[in-house]
Amino acid sequence: MITIGQLAGYAGVTIKAVRHYHSRGLLPEPPRDSSGYRRYNAQHAIDLVKIKTLADAGVPLARVKELLAASPERFDAAIAEIDRDLRAKAEEIRRTRKRLTQLRGGDQLFVTPEAADHLERLSAMGVSERAVLVERDLWILLQSVSPKEAATWLADRQDAIEDPEFRAIYLEYDAAYWWSPDDPRLVALADRTLRWLTQRESGLVPAPDPAVARLIASSQDDASSPAWDRITELLESRMTE
């Protein structure tokens, strides 16, 4: 007969673990002797080693008792079932780790690789972080509500970015965010933008669905500025002339 400390030491577990197995009904708890101590025998040691072996192998404690009493056939079937569960959990962990890795990749978590490359190109051009984030959110929205059209619009934007004039307009428009709405440079910028749009008119992509257009417009309300609103007014007035 051995004490709980000796039992735990032989099996390679803690006394706390032994008591936990008692509470889970996995290991019978012997009565106390006349001295007030619980005494364990060889069968307790054998059962504890079995419990530890199963637990260390990844068997949930909720199924250990079942396996201890199972026939060889049932034992094999249960182990196969537990293995499938563990494989599924491992796959979920792999997917979670992949998502965590993508988080380190910044925008690649939220947009397509093509859109992420485009946003990196904007940053490399010197576009402000504020403007890059505004465009990122725009692509997130577009790819959610109209993925096919978003791919077409992105390809058009990537083509435009190859034009030095478009890049210059983009950078000036970005800088204009902070200008006063009365700044005379806004008129010149609006005219320059209109000339570029007119020259490119033959290659314009189809306009979005009206509902999508309204959603896009509403998403940009908080991203605009008085100067940008003024540029929009100037462009609209010139296009109706």
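The structure under discussion appears in the preceding block.
For every chain, the first residue of the written sequence is number 1, and numbering continues from 1 along that sequence. Per-residue local features of the predicted model are confined to residues with pLDDT of at least 70, and side-chain atom pairs are confined, for both listing and counting, to 80 or more; whole-chain, interface and lining totals are unaffected and use all residues. As a rule here, side-chain values come from all non-hydrogen atoms in the structure, and water together with hydrogens is ignored.

S.K.: Honestly, the packing of helix H6 (residues 113-125) against helix H8 (residues 147-160) in this entry has me stumped. Any pointers?
M.R.: Running from N to C, H6 and H8 cross one another at 30 degrees; their axes reach a closest spacing of 11 Å. In terms of axis orientation, H6 runs roughly parallel to H8. Judged by the twist between their axes, the crossing of H6 over H8 is left-handed. Packed against H6, whose contacting residues are Glu-114, Ala-115 and His-118, the element H8 presents Leu-154, Arg-157 and Gln-158 at the interface. Of the residues that constitute the contact of H6 with H8, the class distribution is 2 nonpolar, 2 polar and 2 charged. Convention adopted: a line fitted to C-alpha atoms gives each axis, helices being fitted over their contacting stretch, and angles between N-to-C directions are expressed from 0 to 180 degrees. Only runs of H or I of at least four residues qualify as helices and only runs of E of at least two qualify as strands under DSSP, and these elements are numbered from the N terminus. Note that the term roughly parallel is reserved for angles under 35 degrees, roughly antiparallel for angles over 145, roughly perpendicular for angles of 65 to 115, and oblique for everything else. Should the near helix be turned anticlockwise from the far one by less than a right angle, the crossing is termed left-handed; should it be turned clockwise, right-handed. In this analysis, two residues are considered to be in contact whenever any of their non-hydrogen atoms come within 4.5 Å of each other. Asp, Glu, Lys and Arg are counted as charged, while Ala, Val, Leu, Ile, Met, Phe, Trp, Tyr, Cys and Pro are counted as nonpolar; the rest, among them Gly, fall into the polar class.

S.K.: Even after reading the chapter, I still don't get the nonpolar core, so can you show me in this structure?
M.R.: A general trend in soluble globular proteins is that nonpolar side chains are found buried together. Counting residues in hydrophobic clusters, the biggest one holds 33 residues, and the most contacted among them are Leu-122, Val-127, Trp-139, Ala-176, Leu-186 and Ile-231. Elements that contribute at least two residues to this core include exactly H6, helix H7 (129-145), H8, helix H9 (164-175), helix H10 (185-199) and helix H12 (226-239). Beyond its immediate stretch of four places on either side in the chain, Ala-176 contacts Leu-186, Leu-189, Ala-227, Trp-228 and Ile-231. Buried residues of nine kinds, namely Ala, Val, Leu, Ile, Met, Phe, Trp, Tyr and Cys, make up a nonpolar core once their side-chain atoms join them within 4.5 Å. Buried means the residue's accessible area, taken with a 1.4 Å probe over protein chains only, is under 20% of the maximum for its type, while exposed means over 50%, and partly exposed covers the values in between. The next biggest cluster of nonpolar side chains, apart from the first, holds 21 residues, and it includes Ala-8, Val-13, Tyr-21 and Leu-67.

S.K.: Which parts of the structure should I look at to understand H7?
M.R.: Because each turn of an α-helix spans 3.6 residues, side chains separated by three or four positions end up pointing in the same direction. Here, expected helix span is obtained from the residue count minus one, scaled by 1.5 Å. Its 17 residues place the ends of H7 25 Å apart at the C-alpha level, agreeing with the 24 Å of an ideal helix rising 1.5 Å per residue. Every buried residue belonging to H7 is among Ala-131, Val-132, Val-134, Glu-135, Arg-136, Leu-138, Trp-139, Leu-141, Leu-142 and Gln-143, and all of these are buried.

S.K.: Quick question: what am I supposed to make of helix H1 (residues 4-11) here?
M.R.: Among the residues of H1, those classed as buried are Ile-4, Leu-7, Ala-8 and Ala-11. Relative to the axis of H1, the buried residues are bounded by an arc of 95 degrees and lie together on one face. Turned more than 90 degrees from where H1 packs its buried face, Gly-9 and Tyr-10 sit exposed. Its buried side turned inward, H1 meets helix H2 (15-23) and helix H3 (42-56). A positive phi of about 80 degrees marks Gly-12, the residue just after H1. Regarding the arc, it is the one traced by the directions from the helix axis to the C-beta atoms.

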